[in-house]
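Residues per chain are reported as follows:
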Amino acid sequence: MSIARIKILLISIAVLTLGLLYYFFNPVGHSFFPKCPFYALTGLDCPGCGSQRAFYALLHGHLLEAAGYNLLSVLVLPFIIYSAAVFTGNHLFDKNWKQNIFYKPWFAKAVLVFVLLFWILRNLPFPCFHWMAA
Amino acid sequence: MEQVMYPQSGGTPPVRPKNYLVESILVTIFCCLPFGIPGIVFASQVNSKYDAGDYAGAEKASKEAKTWTLVSFIIGIAAVIIWIIIAFTTTFFSAMFHHNFHP
């Protein structure tokens, strides 16, 4: 078995295990899910806070609820699926399809701006930003 | 700072280095730590430097992006393992000293 195939196998097992875990166990009400170290230290939300609850909601098809826990996790979802599909397709069909969108300078900059803005806005004490908090 | 110059015209430019943008986004959002953000910054540099013809710079940014995503991923995994150990030991000991404990 080649290294690429072992890599795909390991990633698939990890994704499947995590998928099952977050499908059957709601992070709300189960204390064994890890808390964010940044939140524990500062009391502020990081750009990833709420992503475990969002992942649970996403697996159950509740898109709006997921966006309420972590907006970014919903926004990046189409791009992650696209990336995973190209990656899998390349290995299954021995192709060399490029993930062009990720290599556009404007796209990487947009991601950076979105992440930083989201990080700041979700911590602001104004009622209009409360829906962004984890 | 030594800079390797590649021909700007004529000849084929080197292969575009991997920018680790997807990996950076994943660790930023699903690893509960904001260390993925430097990864996104370097991913962005890989794209702009390559397009500007600075192939050596793009290669360097690619290595930085890889390091940051890897460090962030490892710290994330370590934090989860430490959390699980603490959670299990506290549950075990609090159960052990509880009157209704039936192992």
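Criteria and cut-off values
Residues numbered from 1 in each chain as written. Chains lettered and ligands numbered in written order. Predicted model: local features only at pLDDT ≥ 70, side-chain atom pairs only at ≥ 80, totals over all residues. Heavy atoms only, no water. Contact = heavy atoms within 4.5 Å. Buried area = accessible area lost by both parts, 1.4 Å probe. Polar contact = N/O pair within 3.5 Å; in protein donor to acceptor, adjacent residues only side chain to side chain. Helix = DSSP H or I, 4+ residues; strand = E, 2+ residues; numbered from the N terminus. Nonpolar A, V, L, I, M, F, W, Y, C, P; charged D, E, K, R; others polar. Expected span 1.5 Å × (residues − 1). Buried < 20%, exposed > 50% of the residue type's maximum accessible area, 1.4 Å probe, protein only. Disulfide = S-S within 2.5 Å. Phe/Tyr/Trp six-rings, centres within 6.5 Å; stacked < 30°, edge-to-face > 60°.

Novice: Looking at this model, I keep getting lost on the interface of chain A and chain B. Mind explaining?
Specialist: Buried accessible area, meaning the area lost when the parts come together, often serves as the stated size of an interface. At the interface, 31 residues of chain A touch 25 residues of chain B. Approximately 2,400 Å² of surface area, both sides summed, lies buried where chain A meets chain B, with 80% of it carried by carbon and sulfur atoms. On the chain A side of the contact with chain B, Pro34(A), Tyr103(A) and Leu112(A) bury the most area, a combined 23% of that side's loss. The interface formed by chain A and chain B includes 6 residue pairs in polar contact (both at pLDDT 80 or more). It is helix α7 (residues 105–121) of chain A that provides the largest number of residues to the side of chain A that touches chain B, a total of 9 residues. The residue inventory of the side of chain A that touches chain B, partitioned by class, reads 21 nonpolar, 7 polar and 3 charged.

Novice: What is the right way to read unusual backbone geometry from this model?
Specialist: Trans is the prevailing form of peptide bonds, just as negative phi is the prevailing case for residues other than glycine. Phi angles above zero are rare outside glycine, and Asp94(A) is one such case at about 55 degrees. With respect to the element layout, Asp94(A) can be found in the loop between α6 (77–92) and α7. Phi is positive for Tyr20(B), which is not a glycine, with a value near 60 degrees. Position of Tyr20(B) among the secondary structure elements: in the segment before α1 (21–30).

Novice: Would you take a moment to explain helix α2 (residues 36–51) of chain B for this structure?
Specialist: Helix length check: α2(B), at 16 residues, gives a terminal C-alpha distance of 23 Å against a target of 22 Å (1.5 Å per residue), a fit within 8%. Listed as buried for α2(B) are Gly36(B), Ile37(B), Gly39(B), Ile40(B), Phe42(B), Ala43(B), Ser44(B), Val46(B), Asn47(B) and Tyr50(B). Where α2(B) is buried, its residues meet α7 of chain A together with α1 and α3 (55–96) of chain B. Gly53(B), located one to two residues past α2(B), shows a positive phi value of around 90 degrees.

Novice: So what exactly am I meant to see when it comes to the state of the cysteines here?
Specialist: Residues and elements named next belong to chain A. This model, assessed by the stated rule, comprises 0 disulfides over all chains. In this model Cys36 remains outside any disulfide bridge; the closest cysteine sulfur is found in Cys49, 3.7 Å from its own. Using a relative accessible area of 9% as the deciding quantity, one classes Cys36 as buried. For Cys49, a relative accessible area of 6% gives the class buried.

Novice: Mind showing me how you'd approach the environment of Ala4(A) here?
Specialist: Along the chain, the position of Ala4(A) falls in helix α1 (residues 3–24). Sequence separation between Ala4(A) and His91(A) is 87 residues, and the spatial gap between their C-alpha atoms is 8.0 Å.

Novice: Explain the packing of aromatic side chains to me, please; I cannot follow it from the model alone.
Specialist: Each pair of aromatic rings is reported with the distance of its centres and the angle of its planes. A complete count under the given rule lists 10 aromatic pairs over all chains for this structure. Judged by centre distance (5.9 Å) and plane angle (55 degrees), the rings of Phe55(A) and Phe30(B) are tilted. Pair noted here: Phe55(A) is in helix α3 (residues 51–59) and Phe30(B) is in helix α1, and the two residues belong to different chains. Residue classification places Phe55(A) among the partly exposed positions, given a relative accessible area of 26%. Accessibility expressed as a relative area gives 34% for Phe30(B), which makes it partly exposed.

Novice: Just checking my understanding: could you explain α3(B) for this structure?
Specialist: Each turn of an α-helix holds 3.6 residues, which means side chains three or four residues apart point in the same direction. The terminal C-alpha atoms of α3(B), which comprises 42 residues, lie 61 Å apart, in line with the 62 Å expected from a rise of 1.5 Å per residue. Among the residues of α3(B), those classed as buried are Tyr55(B), Gly57(B), Ala58(B), Ala61(B), Ser62(B), Ala65(B), Thr69(B), Ser72(B), Gly76(B) and Ala87(B).

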